[in-house]
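Summary of structural features
Chain by chain, the residues run as shown.
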Amino acid sequence: MNEYLSRTAFLEEKRDKGQSRASAFKWDARMEELAALRDSRPEVFETLGTSVRMSLGYYENDKKIAAEHGRDVTKGAN
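What you see is a predicted model; the values in this text were computed from it and never measured. (Residues numbered from 1 in each chain as written. Predicted model: local features only at pLDDT ≥ 70, side-chain atom pairs only at ≥ 80, totals over all residues. Heavy atoms only, no water.)

Moving on to the packing of helix H2 (residues 17-24) against helix H5 (residues 50-68). For the pair H2 and H5, interaxial distance at closest approach is 8 Å and the crossing angle is 105 degrees. As far as their axial angle goes, H5 and H2 are roughly perpendicular. When H2 is examined against H5, the residues Gly18, Arg21 and Ala22 are found in contact with a partner set consisting of Asn61, Asp62, Ile65 and Ala66. Split by residue class, the contact of H2 with H5 holds three nonpolar, two polar and two charged. (Axes fitted to C-alpha atoms, helices over the stretch in contact; angles between N-to-C directions. Helix = DSSP H or I, 4+ residues; strand = E, 2+ residues; numbered from the N terminus. Parallel < 35°, antiparallel > 145°, perpendicular 65-115°, else oblique. Contact = heavy atoms within 4.5 Å. Nonpolar A, V, L, I, M, F, W, Y, C, P; charged D, E, K, R; others polar.)

In terms of nonpolar packing, the biggest core is built from eleven residues, these being Ala22, Phe25, Met31, Leu34, Ala35, Phe45, Leu56, Tyr59, Ile65, Ala66 and Val73. The set of elements that each furnish at least two residues to this core consists of helix H3 (29-40) and H5. Considering each element in turn, this core owes the most residues, four residues, to H5. In this structure Ile65 touches Gly18, Arg21 and Ala22, once residues within four positions along its chain are discounted. (Core = buried A, V, L, I, M, F, W, Y, C linked by side-chain atoms within 4.5 Å. Buried < 20%, exposed > 50% of the residue type's maximum accessible area, 1.4 Å probe, protein only.)

What follows is about the pattern of salt bridges. This model, assessed by the stated rule, comprises seven salt bridges. Between Glu32 and Lys63 there is a salt bridge, with the nearest N and O atoms lying 2.9 Å from each other. In this pair, Glu32 sits in helix H3 while Lys63 sits in helix H5, placing the two residues 31 residues apart along the sequence. Relative accessible area serves as the criterion here: at 21%, Glu32 is assigned to the partly exposed category. Relative accessible area serves as the criterion here: at 22%, Lys63 is assigned to the partly exposed category. Here Asp39 makes a salt bridge to Arg38, at a shortest N to O gap of 3.1 Å. (Salt bridge = Lys/Arg side-chain N within 4 Å of Asp/Glu carboxyl O.)

Quick look at the structure:
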């Protein structure tokens, strides 16, 4: 049992959640197209399902966090 507990030392360290999200960010052309649709034709964007709109929100939030952590969030940077 002790050998298993010795492997969990990383759990005691404070994690930087923002850094983890920034590292995991991947540029997505489909999400970029949704953002453009939202900005150019909001009436069409509003007819999309809730999960699609929520996904865009999560994507844009992760993109913002990645940029704050110094990641290049432009196309082809990943």
